[in-house]
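For reference, the chains in residue letters:
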Amino acid sequence: MKIQKLATISLAIVTLLAACGSYGVSPTATPTAAAAPSSAGTDWMMHGFPNVIATQDFTPGTAATITAGPYTVSVPADAFTAPVTINLLSGDPSSFSSDAPSGEVPVLAFAFNVRDANGNLIVKFSKPVTLTAKDAQIYADSQYFNVAPSGSFTENPTGLRVSAGQLSHPIAGTPVGWVITTPASEVSMSSGG
């Protein structure tokens, strides 16, 4: 009798979950395309970028600027099609030293966590935001790397503008974190070594 009752309850729960779709959402509901949550989203706070240095609630149709430490992020009015919260994250650059290319010294490390109103991580933006980093350790030959959750580095090949003291780059999503490096020879010269 108890087994039959448990089987009936289990079947009812499974049927209810199937009818509701994943996470209790109707199977016919479609998230907004530009702010669609992704199961591939990475919480960068768990992967080397533990510090929230700025938070901005974004409303579509209104451009925003986020400024914290050496970073300024320009968010165009059409970057997202639904309200989101943007967290600018930083990490200790020295924690990335072992994964940095030979002869390069990490000087800045940052990432974004962008979440929709339901707390889902957003991976792709409708329009890129522009990040500008200003720091005395950024030189014309500094490099900009994508950092995977594993910590591996890949040189970022797109849209980079670097000059002495400043780096600027369009960012269209959050599939990676980023580290800015400077040749070790530049760092040792600037520190008097």
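About the thresholds
Residues numbered from 1 in each chain as written. Predicted model: local features only at pLDDT ≥ 70, side-chain atom pairs only at ≥ 80, totals over all residues. Heavy atoms only, no water. Helix = DSSP H or I, 4+ residues; strand = E, 2+ residues; numbered from the N terminus. Contact = heavy atoms within 4.5 Å. Pairing = 2+ DSSP bridges. Axes fitted to C-alpha atoms, helices over the stretch in contact; angles between N-to-C directions. Core = buried A, V, L, I, M, F, W, Y, C linked by side-chain atoms within 4.5 Å. Buried < 20%, exposed > 50% of the residue type's maximum accessible area, 1.4 Å probe, protein only. Patch = residues over 30% accessible without salt bridge, like charges linked within 9 Å, V, L, I, M, F, W, Y side chains within 5 Å. Areas by Shrake-Rupley, 256 points an atom, 1.4 Å probe, with all protein chains shown as cover. Salt bridge = Lys/Arg side-chain N within 4 Å of Asp/Glu carboxyl O. Phe/Tyr/Trp six-rings, centres within 6.5 Å; stacked < 30°, edge-to-face > 60°.

Draft legend 1. Representation of the side chain of T42 within the structure. The residue T42 is located in the loop between α1 (2-20) and β1 (51-58) in this model. Residues within four places of T42 in sequence aside, it is in contact with H47, N113, L121 and P149.

Draft legend 2. Representation of the environment of G119 in the model. Looking at the secondary structure, you find G119 in the loop between β5 (104-116) and β6 (124-134). C-alpha separation for the pair G119 and V84, spaced 35 residues apart in sequence, amounts to 8.8 Å.

Draft legend 3. Examining the sheet that holds strand β10 (residues 166-173) more closely. In spatial order, the strands read β2-β3-β6-β10-β9; together these 5 strands make up an open sheet with antiparallel pairing. Each end of this open sheet is capped by a strand with a single partner; those strands are β2 (64-68) and β9 (161-163). Strand-to-strand twist in this sheet, taken as the mean axis angle between neighbours without regard to direction, amounts to 15°. Bridge count between β2 and strand β3 (residues 71-75): 5 bridges; the pairing is antiparallel. The residue of β3 that forms the bridge with A64 is V75.

Draft legend 4. Representation of the nonpolar core in the model. Judged by nonpolar contacts, the single largest core of 30 residues is most densely connected at V75, F80, I86, F112, I171 and I180. Those elements that provide at least two residues to this core are β1, β2, β3, β4 (84-90), β5, β6, β10 and β11 (177-183). For this core, the element with the most residues is β5, which contributes 5 residues. Beyond its immediate sequence surroundings of up to four residues, I86 is in contact with A54, T55, Q56, F58, I66, V75, F80, F112, N113 and V114. One finds W44, A100, A111 and F153 within the second-largest nonpolar core, a separate group that totals 11 residues.

Draft legend 5. Summary view of a nonpolar patch on the surface. Where nonpolar side chains cluster on the molecular surface, the patch consists of M45, M46 and V52 and spans about 290 Å² of accessible area. Along the chain, the position of M46 falls in the loop between α1 and β1. Classification of M46 as exposed rests on a relative accessible area of 65%.

Draft legend 6. Seen up close, the sheet that holds strand β8 (residues 153-155). One open sheet holds the 6 strands; their spatial order is β1-β4-β5-β11-β7-β8, and the pairing between them is antiparallel. For this open sheet the edge positions go to β1 and β8, each flanked by a neighbour on one side alone. Along the sheet, successive strands turn relative to each other by an average axial angle of 25°, direction set aside.

Draft legend 7. Spotlight on the pairing of β11. Of all 7 residues in β11, 7 are buried, a share of seventy percent or more. As defined by bridge partners, β5 adjoins β11 across 6 bridges and the pair is classed as antiparallel. Of the residues in β11, the one forming a bridge with P106 is T181. Where strand β7 (residues 143-147) and β11 come together, 5 bridges link them in antiparallel fashion.

Draft legend 8. Local environment of the packing of aromatic side chains. Tallying each qualifying case throughout the model produces 10 aromatic pairs. Measuring from centroid to centroid gives 5.4 Å for F110 and W178, while their planes differ by 25°, and the two rings are stacked. Taken together, the residues F110 in strand β5 and W178 in strand β11 connect sequence positions 68 residues apart. No difference in accessibility class separates F110 from W178, as the two residues are buried. These aromatic residues form a ring-pair network of at least three members: Y71, F110, F112, Y144 and W178.

Draft legend 9. Looking closely at the pairing of β10. Sheet analysis places β6 next to β10, joined by 7 bridges and oriented antiparallel. Residue pairing for β10: K134 is matched across the bridge by Q166. Relative to β10, β9 runs antiparallel, the two being bridged by 3 bridges. Note that in β10 the partner of S163 across the bridge is Q166.

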